[in-house]
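Fold and geometry: a report
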Amino acid sequence: MALIFGSPKKQGASREDVKMDHRLTLAKEMYMAGKMKIMTTETIPGREIQSAFGLLVCRSYTFDNALYGLMAQAVDVNADVIIGYRESVAFHPEGDKYYSCYGTAVRMKKLK
């Protein structure tokens, strides 16, 4: 599933635009509070994966929208960790940068 965020703001934003901004804000707050973890490794030492939800991808012209959009997708599928996180940037001839963030959304088993 790929979602594209970061299109220029239009005058009189639609309900969908406001909903998308709200999702990104919630994802950012969760990340800053330590409730959503992002790991570049495929496992977390000392923890077991309960279920995997699959690969998530988010692309945008701003890095923040790509990163927090990825986390918003993970929240949507009820994941608590993104493992195997990677990012890349493509440079367009006009000078724009295009960011891609991706990783696998998983739910970890509770600690005993």
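Since the structure is predicted, the reported quantities are computational estimates derived from the model, not experimental observations. (Residues numbered from 1 in each chain as written. Predicted model: local features only at pLDDT ≥ 70, side-chain atom pairs only at ≥ 80, totals over all residues. Heavy atoms only, no water.)

**Observations concerning the overall build of the protein chain**
To keep things clear, this is the line we draw: Numbering of helices and strands runs from the N terminus, with a helix taken as a DSSP run of H or I at least four residues long and a strand as a DSSP run of E at least two residues long. Whether two residues are in contact is decided by their heavy atoms: any pair within 4.5 Å suffices.
Across its full length, the protein chain holds two helices and five strands. The order of α-helices and β-strands along the protein chain, N terminus first, is β-α-β-β-α-β-β. Long-range pairs, those at least 24 residues apart, make up 72% of the contacts in the protein chain with a sequence separation of at least 6.

**With respect to the pairing of strand 5 (residues 97–108)**
Put simply, the rule is: Throughout this description, buried means an accessible area under 20% of the type-specific maximum (1.4 Å probe, protein chains only), exposed means over 50%, and partly exposed covers the range between. Two strands make a pair as long as DSSP finds a minimum of two bridges between them.
With respect to burial, strand 5 is a largely interior element, nine of its twelve residues being buried. With ten bridges joining them, strand 3 (residues 49–60) and strand 5 adopt antiparallel strand pairing. Its bridge partner being in strand 5, Ile49 is matched across the sheet by Met108. As judged from the nine bridges shared by strand 4 (residues 81–91) and strand 5, these two strands associate in the antiparallel manner. Its bridge partner lying in strand 5, Ala90 is registered against Tyr98.

**Considering the environment of Glu87**
For clarity, the threshold we go by: Whenever a nitrogen or oxygen atom comes within 3.5 Å of another N or O atom, the pair is scored as a polar contact, on the condition that within protein one atom can donate a hydrogen and the other can accept it, and that pairs from neighbouring residues in sequence are kept only if both atoms are in side chains.
Along the chain, Glu87 falls in strand 4. With relative accessibility at 45%, the residue Glu87 sits in the partly exposed group. Glu87 sits 29 residues away from Cys58 along the chain, and the two C-alpha atoms are 9.7 Å apart. If we ignore the near neighbours within four places in the chain, the residues touching Glu87 are Phe63, Ser100 and Cys101. At 2.5 Å, the side chain of Glu87 and the side chain of Tyr85 are in polar contact.

**Structural notes on the nonpolar core**
When a protein is soluble and globular, its nonpolar side chains tend to lie buried together. Definition in use: Here the nonpolar core consists of buried residues drawn from Ala, Val, Leu, Ile, Met, Phe, Trp, Tyr and Cys, with membership extended through side-chain atoms lying within 4.5 Å.
Leu67, Tyr68, Leu70, Met71, Ala74, Ile82 and Cys101 are the most contacted members of the largest nonpolar core, which has 18 residues in total. Those elements that place two or more of their residues in this core are helix 1 (15–32), strand 3, helix 2 (63–76), strand 4 and strand 5. Here the element with the most residues in this core is helix 2; it accounts for seven residues. Among residues more than four places away in sequence, those in contact with Leu67 are Ile38, Tyr85 and Cys101.

**Topic: the pattern of salt bridges**
Two side chains of opposite charge can pair, provided their charged atoms sit close to one another. Selection criterion: Whenever a carboxyl oxygen of Asp or Glu lies within 4 Å of a side-chain nitrogen of Lys or Arg, that contact is scored as a salt bridge.
Taken as a whole, this structure holds three salt bridges when the rule is applied. Lys109 serves as the salt-bridge partner of Glu48, at 3.4 Å between the closest nitrogen and oxygen. Of the two residues, Glu48 sits in the loop between strand 2 (37–38) and strand 3 while Lys109 sits in the segment after strand 5, which places them 61 residues apart along the sequence. Among the salt bridges present, the one from Asp80 reaches Arg107, with a minimum N-O distance of 3.1 Å. In this pair, Asp80 sits in the loop between helix 2 and strand 4 while Arg107 sits in strand 5, placing the two residues 27 residues apart along the sequence.

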